[in-house]
Amino acid sequence: MSNNNFEFGTRLIHNEHSVDKDSGAVSVPINHTSTFHQFDFDSFGKYDYARSGNPTREILEDTIAHLEGGTRGFAFASGMAAISTAFLLLSKEDHVLICEDVYGGTFRLVSQVLHRFGIEHSFIDTTDLNKVKESIKENTKMIYVETPSNPLLKITDLKEVCRIAKENGCLTFVDNTFLTPALQRPLELGADIVLHSATKFLSGHSDVVAGLAVVKDEKLGEQLGFLQNTFGAVLGVQDCWLVLRGLKTLQVRLKQSQASAQKIAEYLETVPEVNHVYYPGLKNYAGGDIHFKQSDGPGAVLSFRLDNADTVRTFVDQLKIPVFAVSLGAVESILSYPAKMSHAAMPKEERESRGIHDGLLRLSVGLESVEDLIEDFENGFEKIRLKNKKKEKQFN
Ligand SMILES: *Cc1c(COP(=O)(O)O)cnc(C)c1O
């Protein structure tokens, strides 16, 4: 049933693993085993020990590889496990260029851990291609990009960055968590490794922590497979199954959430209490033309800025629908406060210099009715208005 001519949504459901060849089961069997009996003393089978390979995990790894247009996929215990393992491709004295509003955990890995192992880094604004070119050093081995970035939804030109990287003998890593292969496939644009927190849209139900990596080049695939087995941060089979189940509905979930995100972003632009809205689907959005050249949609994550932490508190306290939490990409809308959540690991000055203001909120739009969501937000803004009026009275 493998057929790459099918459209993406069909391939999520019908692929070479959608029916178990032995039993006909239409759900992937979970192989709870740590080791594998060898039937032949002289010739061992494909599997030996489950850290090195497990049939359930392999199906997830194959599936994501096909969806991203790669040759090999790798499943890890978390997005950070995938990212950290990929960074192990580097060696002492190598230098990496990283987009400046990178995920907080990746920031921490690079600045507080890899740094001790002699891996150098520069955080730069990768939306500025001249900056990228200028920042490449003799020992630069990799450029690391998130686009749209987190939480400011800045757009980096993937094709151009990959071209600059190749010209300089560097690899390009792309964290594709925000868009998933349903909307953006970086390997097709020249990237070497695509990374995912499968905790987010790919699984989609806030019920599993998982990470994935995909490569196209076979040699790079062998190196990453070696590192996966060596470092050992593999994903357990039960969690592999949860990601596989979530993947089946990826397309419909994203479509619905994206349509709602568009409406909410447009609504937020009309609200006087909102100082700025960050969403690639908005008209005249900075980098919007590049975004739509390299992807099939603006995604379901947006950010917006209120006045300050107090206003944010008033707003959040009033809301009834979105969960107020870290994470994104789920059936339930998730409202995050980057300054205290995803970017808490970043020192305040560093954070603010990157535009991650104390008034900034990030919204991952879920599957609730968009009318209900907008009404809920409107109540939150009304609360801010009431409070501001009270304050004015006090001062008068
Ligand atoms: C959540 C996230 C990660 C880290 O993934 P975990 O599964 O939490 O380890 C990395 N990158 C981005 C963009 C994320 O949103």
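Notes on the structure follow. (Residues numbered from 1 in each chain as written. Predicted model: local features only at pLDDT ≥ 70, side-chain atom pairs only at ≥ 80, totals over all residues. Heavy atoms only, no water.)

**What about the overall build of the protein?**
Line of reasoning, step 1. The number of helices and strands found in the protein is 14 helices and 12 strands.
Line of reasoning, step 2. A globule of 396 residues ought to have a C-alpha radius of gyration of about 21 Å, and the protein, at 22 Å, matches this closely.
Line of reasoning, step 3. Taken along its principal axes, the extent of the C-alpha atoms in the protein is 90 × 50 × 35 Å.
Line of reasoning, step 4. Across the 396 residues of the protein, 54% fall into the buried class.
Line of reasoning, step 5. A total accessible area of about 18,200 Å² is found for the protein, and carbon and sulfur atoms account for 50% of it.
Line of reasoning, step 6. One way to put it: in the protein the 43 positive side-chain charges average out to a point 4 Å from where the 53 negative ones average out. (Helix = DSSP H or I, 4+ residues; strand = E, 2+ residues; numbered from the N terminus. Rg over C-alpha atoms; globule rule 2.2 N^0.38 Å. Buried < 20%, exposed > 50% of the residue type's maximum accessible area, 1.4 Å probe, protein only. Areas by Shrake-Rupley, 256 points an atom, 1.4 Å probe, with all protein chains shown as cover. Lys, Arg positive; Asp, Glu negative; His and termini not counted. Charge placed at Lys NZ, Arg CZ, Asp CG, Glu CD.)

**Overview of the pairing of strand E3 (residues 120-124)**
Line of reasoning, step 1. In terms of strand pairing, strand E2 (residues 95-99) meets E3 through 5 bridges, oriented parallel. Within the sheet, the bridge partner assigned to His95 lies in E3 and is Glu120.
Line of reasoning, step 2. Tracing the backbone out of E2, into helix H4 (residues 104-113) and back to the parallel element E3 gives a crossover that is right-handed. (Pairing = 2+ DSSP bridges. Right-handed = clockwise from strand over helix to strand, strands pointing away.)

**Details of unusual backbone geometry**
Line of reasoning, step 1. The omega angle of the peptide bond from Thr147 to Pro148 is -5°, so this bond is cis rather than trans.
Line of reasoning, step 2. Structurally, Pro148 can be placed in the loop between strand E4 (140-146) and helix H6 (158-167).
Line of reasoning, step 3. Cis geometry is adopted by the peptide bond preceding Pro151, which originates at Asn150 and carries an omega value of 5°.
Line of reasoning, step 4. With respect to the helices and strands, the residue Pro151 is situated in the loop between E4 and H6.
Line of reasoning, step 5. At Leu153, a position not held by glycine, the phi torsion is positive, near 55°.
Line of reasoning, step 6. Mapping Leu153 onto the fold places it in the loop between E4 and H6.

**With respect to the site of the ligand**
Line of reasoning, step 1. Surrounding the ligand, one finds 14 residues, the nearest of these being Gly79, Met80, Asp175, Thr199 and Lys200.
Line of reasoning, step 2. Separating an oxygen atom of the ligand from a side-chain N or O atom of Thr199 is a distance of 2.7 Å.
Line of reasoning, step 3. In this structure, an oxygen atom belonging to the ligand sits 2.7 Å away from a side-chain N or O atom of Lys200.
Line of reasoning, step 4. Considered on its own, the ligand offers 380 Å² of accessible surface; in the complex 92% of this is hidden by protein.
Line of reasoning, step 5. Element by element, the count of residues in the shell around the ligand is highest for helix H3 (residues 79-87), at 3 residues.
Line of reasoning, step 6. Classifying every residue of the shell around the ligand gives 6 nonpolar, 5 polar and 3 charged. (Near = heavy atom within 4 Å. Polar contact = N/O pair within 3.5 Å; in protein donor to acceptor, adjacent residues only side chain to side chain. Nonpolar A, V, L, I, M, F, W, Y, C, P; charged D, E, K, R; others polar.)

**Re H6**
An α-helical turn contains 3.6 residues, so a residue and the one three or four places further along point in the same direction.
Line of reasoning, step 1. All of the buried residues in H6 are Leu158, Val161, Cys162, Ile164 and Ala165. Projection of H6 onto a plane perpendicular to its axis shows the buried side chains occupying an angular sector of 160°, all on one side. Along H6, the residues that are exposed and aim more than 90 degrees away from the buried face are Lys159, Lys166 and Glu167.
Line of reasoning, step 2. Residues of H6 that are buried sit in contact with helix H5 (129-135), E4, strand E5 (171-175) and helix H11 (288-294).
Line of reasoning, step 3. The opening residue of H6 is Asp157, an N-cap whose side-chain oxygen sits 3.3 Å from the backbone nitrogen of Lys159.
Line of reasoning, step 4. Within two residues after H6, Gly169 carries a phi angle of roughly 65°, on the positive side. (Arc of directions from axis to C-beta. Contact = heavy atoms within 4.5 Å.)

**Considering the pairing of strand E1 (residues 72-76)**
Successive residues of a regular strand alternate their side chains across the two faces of the sheet.
Line of reasoning, step 1. Burial of E1 is extensive: 4 of the 5 residues sit out of reach of the surface.
Line of reasoning, step 2. Relative to strand E7 (residues 211-215), E1 runs antiparallel, the two being bridged by 5 bridges. The partner of Phe76 across the bridge, within E7, is Gly211.

**With respect to the sheet that holds E2**
Line of reasoning, step 1. Strand order in the open sheet formed by 7 strands is E1-E7-E6-E5-E4-E2-E3, with mixed pairing between adjacent strands. Looking along the sheet, the strands with just one partner apiece sit at the ends: E1 and E3. Averaged over all pairs of adjacent strands, the angle between their axes in this sheet comes to 20°, without regard to strand direction.
Line of reasoning, step 2. Examined bridge by bridge, E2 and E4 share 4 bridges and lie parallel to one another. The residue bridging Val96 from the neighbouring strand is Met142, located in E4.
Line of reasoning, step 3. Helix-sheet contacts for H3 involve E1, E2, E4, E5, strand E6 (193-197) and E7, and the interaxial angle to E6 is about 155°.
Line of reasoning, step 4. Set on the sheet, H4 makes contact with E2, E3 and E4; between it and E3 the angle comes to about 140°. (Axes fitted to C-alpha atoms, helices over the stretch in contact; angles between N-to-C directions.)

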